[in-house]
Amino acid sequence: MAEVVLKNVWKKYSEEVEAVKGVSLTIPDKEFFVLVGPSGCGKSTILRMIAGLEECSNGEISIGGNVVNEVPPKDRDIAMVFQNYALYPHMSVYENMAFGLKLRGYSKREIDARVKEAAQILNMSHLLSRKPKELSGGQRQRVAVGRAIVRKPKVFLFDEPLSNLDAKLRVQMRTEISKLHDRLQTTMIYVTHDQVEAMTMGDRICVMKDGIIQQLDSPLKLYNDPSNHFVAGFIGSPPMNFLELSLVEKNGLEQGLWLVETELNGNPNAFKLKLGAEMAEGAKTYLGKKVIFGIRPENIYDRLFYTYPIKDGSCFKATVEVVEPMGAEKYLYLTTGKSNFVARVGPQNSAKTNQDIELVFNMETVHLFDPESGSTIL
């Protein structure tokens, strides 16, 4: 068993600087667990505390049922892969991978068997005699991973290991690390600031901000049901659109609850959307107040290509500011009233810059957030 448990863990560098604030986590055996968040959120500090490279100011860390707060890094049965590879330039690939085993007193036969096994797993047997300077960035990262594999640790720790690679190599290495996890069936804890890496690799993802856990969930749960404004904006590419609108009640032909730009009320170009009955019931306590309205770019459609029945109050006009062709799709940067947002549409869309188009919002996918706390209303 290699379950990793953090109980109310804090890291204070001074009275003014708190990097981690009361984090509690349980990472089950064999899980691929991802810590994600912007720079300075505390994710790497948590990883370094698990590794023993940083001391906890308060709290308890256990690995495999044993509390390790006072255990030195070399005795924690973990292996860490760093962002900068940390290879010895004067040693060959074989020697780099074998070095840690030599220090621990393994026999030459055992070292040779482990190094060759790891090299075969990573498809780098032909590189064993090369020096790091003779390798590409992706190959160096494989060596760093191989050096961790030969240890056969209880837990693998990855600290932004792909951030130095180009886009194509990052995609390739993401796949290789995921396949490696499936093959080794070992607990892996992975730190990244890249939400695409987090979404594609993690069994569960912990989103952090300012040393505090914002949400801990499966990738799809984070994407579809964010717990607050920060998580909703951090997960997803392009990010969720946010508009500050007022919730008002209308009578007559437009009877119901509407989200509107109050400053532009009466202007035919003002942004306004009608809430469905179920959503209106949940939001009625905010009647007459401002809310943060959120919708993902893929849930905004050009009416010309929308084949489903259009619900009342979900359609409006907007002006195209910029068109970004992405090959398999296009991003339309739009404005209406004083609001700006992005729509992700199909490649067949023919919208042009400065053109007015009609849009349809999928109102079943929208989110509302409290403007002060940032927490999800709906």
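Before going into details, it helps to say that this report is about the structure given with it. Quick caveat: nothing in here was measured; it's all calculated off a predicted structure.

**Points about the nonpolar core**
Step number 1: In this structure, Met97, Met124, Phe158, Tyr190 and Val207 are the most contacted members of the largest nonpolar core, which totals 46 residues.
Step number 2: If we ignore the near neighbours within four places in the chain, the residues touching Met97 are Val115, Ala118, Ala119, Met124, Leu128, Val143, Gly146, Arg147 and Val150.
Step number 3: Of all hydrophobic cores here, the second largest spans 32 residues; its members include Ala280, Val291, Val320 and Phe341.

**Quick notes on the packing of aromatic side chains**
Step number 1: Applying the stated rule across the entire model yields 16 aromatic pairs.
Step number 2: Aromatic pair Phe242 and Phe369: ring centres 5.9 Å apart, planes at 70°, arrangement edge-to-face. Of this pair, Phe242 sits in strand β11 (residues 241-250) while Phe369 is found in strand β20 (residues 367-369), placing the two residues 127 residues apart along the sequence.
Step number 3: A relative accessible area of 0% places Phe369 in the buried class.
Step number 4: Ring centres 5.7 Å apart and planes at 65° place the aromatic pair Tyr306 and Tyr308 in the edge-to-face group.
Step number 5: Judged by relative accessible area, which is 57%, Tyr308 ranks as exposed.
Step number 6: An aromatic cluster is present here, built from Phe271, Phe293, Phe316, Phe341 and Phe361 joined pairwise through their rings.
Step number 7: When the ring centre of Trp10 is taken as origin, the NZ or CZ atom of Lys12, which lies over that ring, is 5.4 Å away.
Step number 8: Sitting over the face of the ring of Trp258, Lys272 holds its NZ or CZ atom 5.9 Å from the ring centroid.

**Comments concerning the sheet that holds strand β9 (residues 204-209)**
What links the strands of a sheet is backbone hydrogen bonding, and the strands pair in either a parallel or an antiparallel sense.
Step number 1: If you walk across this open sheet you meet the six strands as β6-β7-β8-β3-β9-β10, and the pairing is mixed. Looking at the sheet topology across the chains shown, the edges are occupied by β6 (78-81) and β10 (212-217). Averaged over neighbouring strand pairs, the angle between their axes works out to 15° when direction is ignored.
Step number 2: Note: strand β3 (residues 32-36) against strand β8 (residues 187-192), five bridges, orientation parallel. Looking across to β8, one finds that Val34 is bridged to Tyr190.

**Considering unusual backbone geometry**
Step number 1: Here Ser237 and Pro238 are connected by a cis peptide whose omega angle stands at -5°.
Step number 2: For Pro238, the position within the fold is in the loop between α8 (229-234) and β11.
Step number 3: For Asn8, which is not glycine, the phi torsion reads 50° and is therefore positive.
Step number 4: With respect to the secondary-structure elements, Asn8 resides in strand β1 (residues 4-12).

Cut-offs and rules
Residues numbered from 1 in each chain as written. Predicted model: local features only at pLDDT ≥ 70, side-chain atom pairs only at ≥ 80, totals over all residues. Heavy atoms only, no water. Core = buried A, V, L, I, M, F, W, Y, C linked by side-chain atoms within 4.5 Å. Buried < 20%, exposed > 50% of the residue type's maximum accessible area, 1.4 Å probe, protein only. Contact = heavy atoms within 4.5 Å. Phe/Tyr/Trp six-rings, centres within 6.5 Å; stacked < 30°, edge-to-face > 60°. Helix = DSSP H or I, 4+ residues; strand = E, 2+ residues; numbered from the N terminus. Lys NZ or Arg CZ within 6 Å of the ring centre and 35° of its normal. Pairing = 2+ DSSP bridges. Axes fitted to C-alpha atoms, helices over the stretch in contact; angles between N-to-C directions.

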